[in-house]
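# Fold and contact review
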Amino acid sequence: MSGAGDSGRQGSPREETPRLEQRPLSVLERRLTLSDMLDTSTFAELVKSFAELYKLGVKVFDEKGNRLADIKSGNGDFCGYVFSFTEGKRCCTQTVARVKDGPLATTQNARAPHAPAATKVHGMIAVPCFTGLRYLVLPILWEGDVLGRVVFGPFVPEELGELPPSLTDLTPGIDLAQAGAYLAKIRRAPESTIVKVLLHFAQLLETLVAAGQKTFLTSQVHIEATLESNRDLEAQNRRLEQMNVQLKDMDRLKSSFLATVSHELRTPLTSIIGYSEMLSEGLVGTLNSEQTDYVRTIMEKGDTLLKLISSILDVTQIEAGKVRLTFEPVNVGDLVSSAVSSIKPQAQRKGLTLDLKLPARAVEVRADREKVRQVMVNLLSNAVKFTPKGGWVQVLVTEVKFQPELDAEGWQFVVQDSGVGIPSDQLEKIFQSFYQVDNSSTREFGGAGLGLAIVKSYVEGHGGKVRVQSELGQGSRFEVVLPVSPPPPRAVIAPPLSEPPPPPPARF
Ligand code: ADP
């Protein structure tokens, strides 16, 4: 015998259409069952009230023989009594099986029902019981399919007199008086009446199935559409996750590349600056004024380049989660004054007014001195860089007070300028690494777009916040809010993407 696996291997049509097999069958493609279309609990209620009204047992089965409703009426004692006899039990079981699972045809003891003249019986059959009782069975038809059956009974046919020999012969010793008393509890009626009741019930059922089918299809189609769009979303999510992993890999590669290149550049650059310094100071012989100018330019450009490389290294360190903060007592006034002094020459060259306002009371905090200084210098040099000649830059430090946004005692450092300003749709983006409002090759201002990314990481590493307000052409205002006592230093500032390879050892 060849198994399912064998036929699969020989290239059956099943194997050629795996996509179709994987997709669950739509409700519009499959055959509906009775329980799909009926609200079973409401239906059971309806059957119950119907059975009570007509004092008749009613059973409803779906096409697989599952019982959807089963209401007994009056026959319990009689059937139980007959069932207590061995032969009674056997014949009873047979009758029940015939009624429940037997063919819906006038075979195997069934016959056409005694219906009133010109009545369409829609495939109904009458199944006599060996006790003299009777059942009527009606197929439930829907769009040409048999969805199940309704069984009415057992009832006592009106014409039944004495209990028949088919019962009494099989149940020797039966107490006829007792059996008769039990029989009296069962509905007695002409078969044609029960036929009419059953046809009436079938009409009700048809109405219920029609309404149920509509509701079921509508809700199922809606559910399927939702599931389908869910599946689409899941597939898109998976693709996005993959892209995310690739982007993270690329980002890690970029960081590691930048770290290596910057490190390699910094070493020879330090030599260039060092040697040009020696030359400009005349340590290896006197230079004429033109030579001194050239050498100074080499030094200045070298310094700019070194600052840029240091920023790149800082950012790659941040992204690799390698920056550690060391908190110590810091006098903010001293720190700000020193940062402002370092920027003064640039401001003076552009004729900017540089104004510093410190609070009357000294601001003593705990912070990583070097990192906070760098925050200040970055913001100040941006303000100077992006403010045209003749403008102003104001620096303000507030007193220590409760800062609601930190939910802690803190202080603020504010840098305000009358410069070019930032378009409102870019205010969020300027804190990203390498982001510049003007990133054209012809841009007016130098820089690599790293200063603010470093500011944000260092400020957040202190448990603080940085925000910006700006109006194009009017100026910008950067506010840094820092807690007086930062939370315990974190080993990392930004979550590492993954460990980049260590930079190669320094060569000189
Ligand atoms: P960089 O200054 O090296 O370009 P930053 O990260 O410090 O990089 O700043 C990112 C961008 O934000 C700048 O390129 C500039 O477009 C904008 N920006 C920052 N500070 C100011 C400011 N004070 N005035 C106007 N624009 C600013």
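If you're wondering where the values come from, they're calculated on a predicted model, not measured in any experiment.

Glancing now at the overall build of the protein chain. A count of helices and strands for the protein chain gives 14 helices and 14 strands. A burial count over the protein chain gives 39% of its 508 residues as buried. In the protein chain, the proportion of contacts linking residues at least 24 apart, taken out of those at least 6 apart, comes to 70%. Total accessible area on the protein chain is roughly 29000 Å²; 55% of this is exposed by carbon and sulfur atoms.

The environment of the ligand is made up of 20 residues, and the closest members are Asn382, Lys385, Asp417, Gln436 and Leu452. In this structure, a nitrogen atom belonging to the ligand sits 2.9 Å away from a side-chain N or O atom of Asp417. With the chains in place, 96% of the 520 Å² that the ligand exposes on its own is no longer accessible. Broken down by secondary-structure element, the contributors of at least two residues to the shell around the ligand are α13 (369–385), α14 (451–461) and β14 (475–483).

Time to look at the packing of helix α11 (residues 289–319) against α14. Interhelical geometry of α11 versus α14 gives an angle of 45° and a closest axis separation of 10 Å. Considering the angle they form, α11 stands oblique to α14. The two elements α11 and α14 cross, and the hand of that crossing is left-handed. Residues Ser311, Asp314, Val315 and Ile318 of α11 touch α14, and the partners they reach there are Ile454, Ser457 and Tyr458. Its residues assigned to classes, the contact of α11 with α14 shows 4 nonpolar, 2 polar and 1 charged.

In this model, α13 (17 residues) spans 24 Å end to end at C-alpha, consistent with the 24 Å of a helix rising 1.5 Å per residue. Looking at α13, one finds that the buried residues are Lys371, Val372, Val375, Met376, Val377, Asn378, Leu379, Leu380, Asn382, Ala383 and Val384. Among the structural elements, α12 (332–349), β9 (364–367), β10 (392–397), β12 (408–417), α14 and β14 are those in contact with the buried residues of α13.

The two faces of β9 differ: Val365 and Ala367 on one face are buried, but Glu364 and Arg366 on the other face are not. Relative to β9, strand β7 (residues 328–331) runs antiparallel, the two being bridged by 4 bridges. Within β9, the residue paired with Asn331 across the bridge is Glu364.

Moving on, we come to a negative patch on the surface. Among the surface-exposed residues, Glu277, Glu281, Glu300 and Asp303 lie close enough to one another that they form a single negatively charged patch. One can find Glu300 in helix α11. Assessed through its relative accessible area of 54%, Glu300 is described here as exposed.

Attention now moves to the packing of aromatic side chains. Tallying each qualifying case throughout the model produces 7 aromatic pairs. When the ring of Tyr81 is compared with that of Tyr182, the centres are 5.8 Å apart and the planes differ by 70°; the resulting orientation is edge-to-face. Of the two residues, Tyr81 sits in helix α6 (residues 76–83) while Tyr182 sits in helix α9 (residues 176–183), which places them 101 residues apart along the sequence. Accessibility expressed as a relative area gives 18% for Tyr81, which makes it buried. One aromatic cluster is present, formed by Phe50, Tyr54, Phe152 and Phe201 through successive ring pairs. A cation sits over an aromatic face here: Lys371 above Tyr458, 5.6 Å from the ring centre.

Assignment of secondary structure puts Leu160 in the loop between β5 (145–157) and α8 (165–168). The exposure class of Leu160 is buried, given its relative accessible area of 14%. Residues Leu160 and Leu133 lie 27 residues apart in sequence; the distance between their C-alpha atoms is 8.2 Å. In this view, Leu160 contacts Gly132, Leu183 and Arg188; residues no more than four positions away in its chain are not counted.

Below, the discussion takes up the nonpolar core. Judged by nonpolar contacts, the single largest core of 50 residues is most densely connected at Met376, Leu379, Trp411 and Phe413. At 8 residues, α13 tops the list of elements feeding residues into this core. Residues Leu34, Leu38, Val47 and Leu198 belong to the second largest nonpolar core, which totals 34 residues.

It is worth spelling out the pattern of salt bridges at this point. Per the counting criterion, the structure on display carries 18 salt bridges. Among the salt bridges present, the one from Lys72 reaches Asp70, with a minimum N-O distance of 3.5 Å. The exposure class of Lys72 is exposed, given its relative accessible area of 58%. Note on Asp70: relative accessible area 24%, which makes it partly exposed. The closest approach of N and O atoms between Lys185 and Asp77, which form a salt bridge, is 2.3 Å. Of this pair, Lys185 sits in the loop between α9 and β6 (188–189) while Asp77 sits in helix α6, and the two are 108 residues apart along the sequence.

Parameters at a glance
- Residues numbered from 1 in each chain as written.
- Predicted model: local features only at pLDDT ≥ 70, side-chain atom pairs only at ≥ 80, totals over all residues.
- Heavy atoms only, no water.
- Helix = DSSP H or I, 4+ residues; strand = E, 2+ residues; numbered from the N terminus.
- Buried < 20%, exposed > 50% of the residue type's maximum accessible area, 1.4 Å probe, protein only.
- Contact = heavy atoms within 4.5 Å.
- Areas by Shrake-Rupley, 256 points an atom, 1.4 Å probe, with all protein chains shown as cover.
- Near = heavy atom within 4 Å.
- Polar contact = N/O pair within 3.5 Å; in protein donor to acceptor, adjacent residues only side chain to side chain.
- Axes fitted to C-alpha atoms, helices over the stretch in contact; angles between N-to-C directions.
- Parallel < 35°, antiparallel > 145°, perpendicular 65-115°, else oblique.
- Left-handed = near helix turned anticlockwise from the far one by under 90°.
- Nonpolar A, V, L, I, M, F, W, Y, C, P; charged D, E, K, R; others polar.
- Expected span 1.5 Å × (residues − 1).
- Pairing = 2+ DSSP bridges.
- Patch = residues over 30% accessible without salt bridge, like charges linked within 9 Å, V, L, I, M, F, W, Y side chains within 5 Å.
- Salt bridge = Lys/Arg side-chain N within 4 Å of Asp/Glu carboxyl O.
- Lys, Arg positive; Asp, Glu negative; His and termini not counted.
- Charge placed at Lys NZ, Arg CZ, Asp CG, Glu CD.
- Phe/Tyr/Trp six-rings, centres within 6.5 Å; stacked < 30°, edge-to-face > 60°.
- Lys NZ or Arg CZ within 6 Å of the ring centre and 35° of its normal.
- Core = buried A, V, L, I, M, F, W, Y, C linked by side-chain atoms within 4.5 Å.

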